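# Working through the structure, step by step
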Amino acid sequence: MKILAVDDEPFALRLITHQLGRLGFADVLAHERATDALALLQQDIRAVDLILLDLQMPEMDGVEFARHLGELHFAGCVILISAEDGRIIETVRKLARAHNLDVRGALHKPVMPDQLQRLLEELPRPSERAIRPPRREYSPVRLLQAIGQGELINVYQPQVELATGHVVGVETLVRWQHPEDGLVGPEHFVPLAGRAPPHRRPDPLDARPGPDAGTRLGRVRAARAHRRERLHGQSRRARLP
């Protein structure tokens, strides 16, 4: 089993690597910077079978790293590591699972060898994991059809403050509810928008909102129209002698 450990604390990284070695796991990649670990996975998402992920890191924290893993369709297992209390870890675990990640558990710092061993013993073998088939390629014409048929939908991702565990905001994300391929991520259809004819390029706000978001979407549309009108007025005044 190939393991990737991501933690910005050098001592914690050496400790977890040492513990893994004593448990018989010698094929371990260790990265102090989440951006370097992500670059590795972007080259080959199947390079590792398990990721041990610290939650609090500079540049890119564990929550953002998990979001990228979801976008890359990482099919391996994830174990979260943090010095925060269990409530916050559980919140992040739910967010990671919302990105379709196979979160196998969480470890509290400092990591105890017996807890680590227990989680590792429960992991499936790499050959037993389901391999996600690659997505098919779509055309700009098919994307326009999807918009016309109401297949683009909004999903809402809560933004959580790690220090308190409180939800402080909501991020609106667009997804394609494909009738055959299921839920399709934006990396598979957003680039198509720029390849459509200029007069037929999709508007992101044409995504179908959820049942509780109609008034919110209306406010966004109204605010955007108001901003355009204000900018147009400023432009006209700037051209006056």
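Calculation rules
- Residues numbered from 1 in each chain as written.
- Predicted model: local features only at pLDDT ≥ 70, side-chain atom pairs only at ≥ 80, totals over all residues.
- Heavy atoms only, no water.
- Buried < 20%, exposed > 50% of the residue type's maximum accessible area, 1.4 Å probe, protein only.
- Helix = DSSP H or I, 4+ residues; strand = E, 2+ residues; numbered from the N terminus.
- Pairing = 2+ DSSP bridges.
- Axes fitted to C-alpha atoms, helices over the stretch in contact; angles between N-to-C directions.
- Contact = heavy atoms within 4.5 Å.
- Polar contact = N/O pair within 3.5 Å; in protein donor to acceptor, adjacent residues only side chain to side chain.
- Phe/Tyr/Trp six-rings, centres within 6.5 Å; stacked < 30°, edge-to-face > 60°.

## Side note on the pairing of strand β3 (residues 50–54)
Of all the five residues making up β3, five are buried; the element is thus mostly covered by neighbouring parts of the structure. Residue alternation in β3 divides its side chains into two sets, Leu50, Leu52 and Asp54 and Ile51 and Leu53, and both sets are buried. Relative to β3, strand β1 (residues 3–6) runs parallel, the two sharing four bridges. What sits directly across from Ala5, in β3, is Leu52. As judged from the five bridges shared by β3 and strand β4 (residues 77–82), these two strands associate in the parallel manner. Bridge pairing links Leu53 to Leu80 in β4.

## Some words on the sheet that holds strand β6 (residues 152–160)
In spatial order, the strands read β6-β7-β8; together these three strands make up an open sheet with antiparallel pairing. Looking at the sheet topology across the chains shown, the edges are occupied by β6 and β8 (182–184). Each adjacent strand pair in this sheet contributes to an overall mean axis angle of 45°, direction not counted. As defined by bridge partners, strand β7 (residues 167–178) adjoins β8 across three bridges and the pair is classed as antiparallel.

## Side note on helix α3 (residues 62–71)
Listing the buried residues of α3 in full gives Gly62, Phe65, Ala66, His68, Leu69 and Gly70. Lining the buried residues of α3 we find β1, α2 (34–43), β3, β4 and α4 (86–98). Sitting at the head of α3, Asp61 places a side-chain oxygen 3.2 Å from the backbone nitrogen of Val63. Directly after α3, the chain includes His73, whose backbone phi takes a positive value near 60°.

## Topic: the packing of aromatic side chains
Per the counting criterion, the structure on display carries two aromatic pairs. Summarising the aromatic geometry, the rings of Tyr138 and Trp176 are spaced 4.8 Å apart at their centres and angled 50° between planes, so their arrangement reads as tilted. In this pair, Tyr138 is assigned in the loop between α5 (113–121) and α6 (140–148) and Trp176 in strand β7, connecting sequence segments 38 residues apart. The exposure classification of Tyr138 matches that of Trp176, with both residues buried. Consider the rings of Trp176 and Phe189, whose centres lie 6.0 Å apart with planes at 90°: the pair is edge-to-face.

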